[in-house]
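Given next are the chains, with one letter for each unit.
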Amino acid sequence: MHIHQQPTTPFDDQKPGTAGLRKKVAAIAQPHYLENFVEAVFRNVPELTGGRLVIGGDGRYHNDVAIQTIVAMALAHGVQHILIARQGWLSTPAASHLIRARGADGGFVLTASHNPAGPEGDFGIKFNIRGGGQAPSSLTDAIYETSRTLDSYRIADIAPVAIDEVGARELEDGARIDVVDGVADYAALMQQLFDFDAIRDWLSQGHRIIFDAMHAVTGPYARRILVEQLGAPEAAVRNAEPLTDFGGGHPDPNLIYAADLVDEMMGDAPADLAAASDGDGDRNMILGPGLFLSPGDSLAMLAAHLDRLPGYQDGLAGVARSMPTSRALDTVAAARGIDCYETPTGWKYFCNLLDAGRLTLCGEESFGTSSSHVREKDGLWAVLAWMNILAVTDQTLPELARAHWARYGRHYYQRHDYEDLDAEIAERVISELRGRLESLPGQSFEGLEVTAADDFAYTDPIDGSRAEAQGLRVVFGDEARVVLRLSGTGTGAATLRLYLERFVPPGSEMPDALEQLLPVAEAVTRLRAISGRKRPDVVT
Ligand code: VG1
Ligand code: CO
């Protein structure tokens, strides 16, 4: 095998965001662009030399090209064993599991999650470390630094590897490439965690589910698990065929992009549970008849019910949520006497706590939930957890939600996204509010008094690492919160996210809780005044 030291010039924009490096396909496909980034990873993860590497992605356009590039570079860097998912299809949680289960030294996950795909769309690449966790900031910072000074990369001259079928290939120098079924290991893990017999019975009693894979990577997973293993009818899994452009859609499971499913469930409700996942299979949306279960409620209710399921019978070691995520979780944790951690946005901040055994369950407001079984959020896991809970409680999702709110109170919650903002204007909104934070405590807005206001900073309890400037939060005691932060996953102009949370104690209701909070949020943030926008682009 001939190894080539290819001269290159550095790019200055390879800084990973909230979850990896995301760029337009046109940017990624420039000569040397992807190669430079991959080289920067290899230089900062020396254990890959002589080690084992997992490669897969969400199946989007350019996935196949990128996989071949990474294989050639991995061989040039002395990787001894490469595991590639068949057809390149590997959901983000399944990638995390494969790295863990096969003792790999890391993995490349090729995904831009729910961002649109296709030649005009986005591409993404992230690296997960030993143990399956997302690369910590210390590593992504080091990769970025390396990428800024790179003048060459190593790549092997090899013919493209066939990845259509499962199989093994030995290379002359002892290296080995396995094309593996990206679903099998993951499906086996799900069987250990959940009571498949109970779910099968529940389905055979006539209960119905709908799962919308949105033409992204979860289709093959849902077919194998929901249809083949649990006996749901084939039609229960919609849009199950992964397409390189996701069918032109936007596989973001929320009220906007999964509107058809939402409408059905708010109308005749053809199922007891309807769910959708995103491009790379790590997000989930949960719907019951007439009910959209907000991600924060889903997380809190999972915390309340999870120990009834086989994989969690020892109880929960602790729980965590990202800072903007609804505090509904905190109320359950307090009632059960378990620790509840508040971390910055992005799954990587949960990984140390998970590794240390401090967490069993964690989640984010952005439709992400998972447990200690992997080191990523996991869409299908959440769907199976809910099916299992419905099966063992023999209650409907709306019944369970009403009982939950009656016991713990209800956290009304919304996220408002202001997209396509000029970067300078978005920065100005943030910096002006940052400048006013200190003056806010003690002030009242529409009868709500600010009790605390800060720029969220986090010290990791395990390794002491520090993350600053993780979002501005204005707290009105237990009653309400307003949070503002800049998105770190976009590939174009800036997106500001405004998070609104309002708590209503048990026994009362306030359907317009968030409308009431809107003028408060504007008075505090001046977001609309400064940006000139009248309304958000997306409300979830
Ligand atoms: C968003 C979400 C965040 C999530 C991240 C990756 O980040 O808010 O909660 O972890 O996407 O999710 P940001 O910086 O744009 O707000 V995924 O499904 O793209 O891997
Ligand atoms: Co995703």
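In this text, all values refer to a predicted model and were calculated from it rather than measured experimentally.

What counts, and where the lines are drawn
- Residues numbered from 1 in each chain as written.
- Chains lettered and ligands numbered in written order.
- Predicted model: local features only at pLDDT ≥ 70, side-chain atom pairs only at ≥ 80, totals over all residues.
- Heavy atoms only, no water.
- Pairing = 2+ DSSP bridges.
- Helix = DSSP H or I, 4+ residues; strand = E, 2+ residues; numbered from the N terminus.
- Axes fitted to C-alpha atoms, helices over the stretch in contact; angles between N-to-C directions.
- Contact = heavy atoms within 4.5 Å.
- Parallel < 35°, antiparallel > 145°, perpendicular 65-115°, else oblique.
- Left-handed = near helix turned anticlockwise from the far one by under 90°.
- Nonpolar A, V, L, I, M, F, W, Y, C, P; charged D, E, K, R; others polar.
- Donors = N, O, S within 2.8 Å, 3.2 Å for Na, K, Ca; no water.
- Buried < 20%, exposed > 50% of the residue type's maximum accessible area, 1.4 Å probe, protein only.
- Right-handed = clockwise from strand over helix to strand, strands pointing away.
- Near = heavy atom within 4 Å.
- Polar contact = N/O pair within 3.5 Å; in protein donor to acceptor, adjacent residues only side chain to side chain.
- Domains from an automatic or database assignment.
- Buried area = accessible area lost by both parts, 1.4 Å probe.

## What about the sheet that holds strand β17 (residues 361–364)?
1) Next: Ordered in space as β16-β15-β17-β18, the 4 strands form an open sheet in which the pairing is mixed. With partners counted over all chains shown, the strands left at the sheet margins are β16 (339–343) and β18 (368–371), one partner each. Averaged over all adjacent pairs, the angle separating strand axes in this sheet is 15°, with direction ignored.
2) Next: Of the pairings in the sheet, the one linking β17 to β18 comprises 4 bridges and is antiparallel in character. Each residue of the ladder has a partner; that of C362, found in β18, is S370.
3) Next: Its contacts with the sheet place helix α11 (residues 328–336) against β15 (318–322) and β16, and it is angled at close to 165° to β15.

## Some points on the packing of helix α8 (residues 218–229) against helix α13 (residues 379–393)
Packed helix pairs are specified by the crossing angle of their axes together with the interaxial distance, meaning the distance between the axes.
1) Next: Where α8 contacts α13, the two axes come as close as 11 Å, and the packing angle between them is 20°. The angle between α8 and α13 falls in the class roughly parallel. With respect to the hand of their crossing, α8 and α13 are arranged in right-handed fashion. On α13, the residues touching Y221, A222, I225 and L226 of α8 are L380, L384 and M387.
2) Next: For the contact of α8 with α13, the class distribution of residues is 7 nonpolar, no polar and no charged.

## Observations concerning the coordination of the cobalt ion (ligand 2)
1) Next: The protein atoms donating to the cobalt ion (ligand 2) are S113 (OG), D278 (OD), D280 (OD) and D282 (OD), with metal-donor distances spanning 2.0 to 2.1 Å.
2) Next: Each donor residue of the cobalt ion (ligand 2) lies on the same chain, and together they follow the pattern S-x164-D-x1-D-x1-D. Of this pair, S113 sits in the loop between β5 (106–110) and β6 (122–129) while D278 sits in the loop between β12 (273–277) and β13 (284–288), and the two are 165 residues apart along the sequence. In terms of burial, S113 and D278 fall into one category: buried.

## Considering the sheet that holds strand β22 (residues 452–455)
1) Next: Taken in spatial order, the 6 strands line up as β22-β25-β26-β27-β19-β28 in an open sheet, and their pairing is antiparallel. Strands with a single pairing partner mark the edges of an open sheet, and in this sheet they are β22 and β28 (538–539).
2) Next: Note: strand β19 (residues 410–421) against β28, 2 bridges, orientation antiparallel. The residue bridging D417 from the neighbouring strand is V538, located in β28.

## So, the pairing of β15
1) Next: The buried count for β15 comes to 5 of 5 residues, which makes it a mostly enclosed element.
2) Next: The alternating pattern of β15 places G318, A320 and S322 on one face and V319 and R321 on the opposite face, and all of these are buried.
3) Next: Here β15 pairs with β16 via 5 bridges, running parallel. Within the sheet, the bridge partner assigned to S322 lies in β16 and is T343.
4) Next: A crossover connection joins β15 to the parallel β16 through α11; in handedness this β-α-β unit is right-handed.
5) Next: Looking at chain direction, β15 and β17 are connected through 3 bridges and run parallel. Bridge assignment links R321 to a residue of β17, and that residue is G363.

## Considering the site of ligand 1
1) Next: Surrounding ligand 1, one finds 21 residues, the nearest of these being T18, S366, G488, T489 and R497.
2) Next: In the environment of ligand 1, an oxygen atom lies 2.7 Å from a nitrogen or oxygen atom belonging to the side chain of K377.

## Quick look at the domain arrangement of the chain
1) Next: Once the domains are mapped, the chain shows domain 1 (2–181), domain 2 (185–408) and domain 3 (410–539).
2) Next: The centre of domain 1, based on its C-alpha atoms, is set 36 Å off from the matching centre of domain 3.
3) Next: Each partner contributes to the interface: domain 1 provides 7 residues, whereas domain 3 provides 5 residues.
4) Next: Of the roughly 460 Å² buried between domain 1 and domain 3, counting both surfaces, carbon and sulfur atoms make up 45%.

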